[in-house]
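# Observations on the three-dimensional arrangement
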Amino acid sequence: QAIINRAIASLPEVGGAVMLLEGNYDIRREEGKLGGILIERSNVTLTGVGAATKLIQAPNQNTNVIRIIGEGVSHVTIRDLYVDANRDANPDGEGDPDVSHARFEFCGIKAYRTLPGGPSGQDCSHITVMNCQVMNARRLGIMLEGVHMRVQDNIIGNATSDAVEILTGPGEIRGNYMEITGRTHVAIGTDRAENIIISNNIVHVKEVGDADIGIRVWAGYRRHLVTNNVITLEKGGRLGTAMDIRGTGAVVSGNYVTGPDPESPLPLWISGGNTIFTENILENVAVVVDDKTELYKRILMRDNIFENTELEFVKGNLVSEVAPFIQR
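Quick look at the structure, then. (Residues numbered from 1 in each chain as written. Predicted model: local features only at pLDDT ≥ 70, side-chain atom pairs only at ≥ 80, totals over all residues. Heavy atoms only, no water.)

### Here's the deal with helix α1 (residues 2–9)
Here is the rule: Whether a residue is buried, partly exposed or exposed follows from its accessible area with a 1.4 Å probe, protein chains only, as a fraction of its type maximum: under 20%, in between, or over 50%, in that order. Note on conventions: DSSP H or I runs of at least 4 residues are helices, E runs of at least 2 residues are strands, and numbering of each starts at the N terminus. An arc is given here, and it is the one of the directions from the helix axis to the C-beta atoms. Two residues form a contact once any of their heavy atoms are found within 4.5 Å.
Within the sequence span of α1, burial applies to I4, N5 and I8. Seen along its axis, α1 keeps its buried residues to an arc of 95°; they face one direction. Along α1, exposed side chains directed more than 90 degrees from the buried face belong to I3, R6 and A9. On its buried face, α1 is in contact with β1 (16–19), β2 (23–27), β3 (35–39) and β4 (44–47).

The following block contains the structure:
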């Protein structure tokens, strides 16, 4: 990491690219820093040659493999790398739960403008992670906070917290393949974010996988498009909830969700109004509508295919393809 960091620091003022050729790179914590590889400036591309360029966190480092940091740092691209956060050999990533972000400095790739608990300031922006494999994170595989964050066309594996999460927004999570083969909290999530597109992703929880949530959007935030995703749970695996749509103003459309057992349907929660739920295919799923906002904004549900799937209506302002009704 020292050689890589020197290469990044030596780029001209206008920015540039650092390319890592094939091989295994031994990544260790930079003393006094929040990561191994550090990007503290704008207009940087860090690229490999694909899965043959492996960044592997050494044992007992307990840090971020790649950390993007700095007020206003923008236009950074991470691409064509294999990032192994090696969580089994880095088990001590806890952090202070009372300090913002302190628990989440143990990621594969993280972008956030400052230190945990640091002062307010200009967010990072225009950060892109694409065509990478990001595996085995102690906390999050990819965590990006700021404006116009993109996670695109990656293969992302197990993470004790979220495999990928965007905060603030706008942002995009597109075209990723999430393969869950071990303990993972959320495959794809947002937190304190608005104007997020989550589309064309595959979440595959395999027979040895154990996940809590496939796709989650955070309560109290608006304008999410959750479209054209595939969520599949294999027999023998565990997925607590296929989707947890907590925010308002969500469009949930064109998704295909499959549970393995008609006797034990896979839950899918809709908990906020101004939401459209349309043209989804659901197999062995239990759709639960429970508006926890208590704002009673409309939830429109129509043109879905329910195969061995039932709708449980708890409360809200639901207009369904069966009949319009409201319950408070």
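Let us keep going from here.
### Structural notes on the side chain of N255
Worth spelling out the cut-off: Between N or O atoms, a polar contact is any pair within 3.5 Å; within protein, one atom must be a potential hydrogen donor and the other a potential acceptor, and residues adjacent in sequence are included only when both atoms are from side chains.
Take N255: it is sitting in the loop between β24 (248–253) and β25 (256–258). On the basis of relative accessibility, which here comes to 2%, the residue N255 falls in the buried class. Polar contacts involving the side chain of N255 include one to the main-chain carbonyl oxygen of V226, which spans 3.0 Å. Dropping the residues within four chain positions of it, N255 is found in contact with V226, T227, N228, N229, M243, E279, N280 and I281.

### Side note on the packing of aromatic side chains
Cut-off, in case you're wondering: Pairing of aromatic rings covers Phe, Tyr and Trp, the last through its six-membered ring, and needs centres within 6.5 Å; plane angles under 30 degrees mean stacked, over 60 mean edge-to-face, and all others mean tilted. Whether a charge sits over a ring comes down to the Lys NZ or Arg CZ being within 6 Å of the ring centre and within 35 degrees of the ring normal.
Counted according to the given criterion, the structure contains zero aromatic pairs. Above the plane of the ring of Y82 lies K54, whose end atom (NZ or CZ) is 4.0 Å from the centre. One residue, R246, lies across the ring of W218, its end atom 5.1 Å from the ring centre.

### Re the environment of L46
Structurally, the position occupied by L46 is in strand β4. The exposure class assigned to L46 is buried, which follows from its relative accessible area of 0%. Along the sequence, L46 and C132 sit 86 residues apart, while their C-alpha atoms lie 11 Å from each other. Those residues in contact with L46, other than ones at most four positions away along the chain, are I4, V18, L20, I37, I39, I66, T77, I78, R79 and L81.

### Structural notes on the pairing of strand β19 (residues 202–205)
Worth spelling out the cut-off: Think of it this way: DSSP has to see at least two bridges between two strands before they count as a pair.
Taken together, the four bridges between strand β16 (residues 177–180) and β19 define a ladder with parallel strand orientation. Paired with I180 across the bridge in β19 is V205. Bridging between β19 and strand β22 (residues 230–233) involves four bridges; their strand directions are parallel. If you follow H204 over to β22, its bridge partner there is T232.

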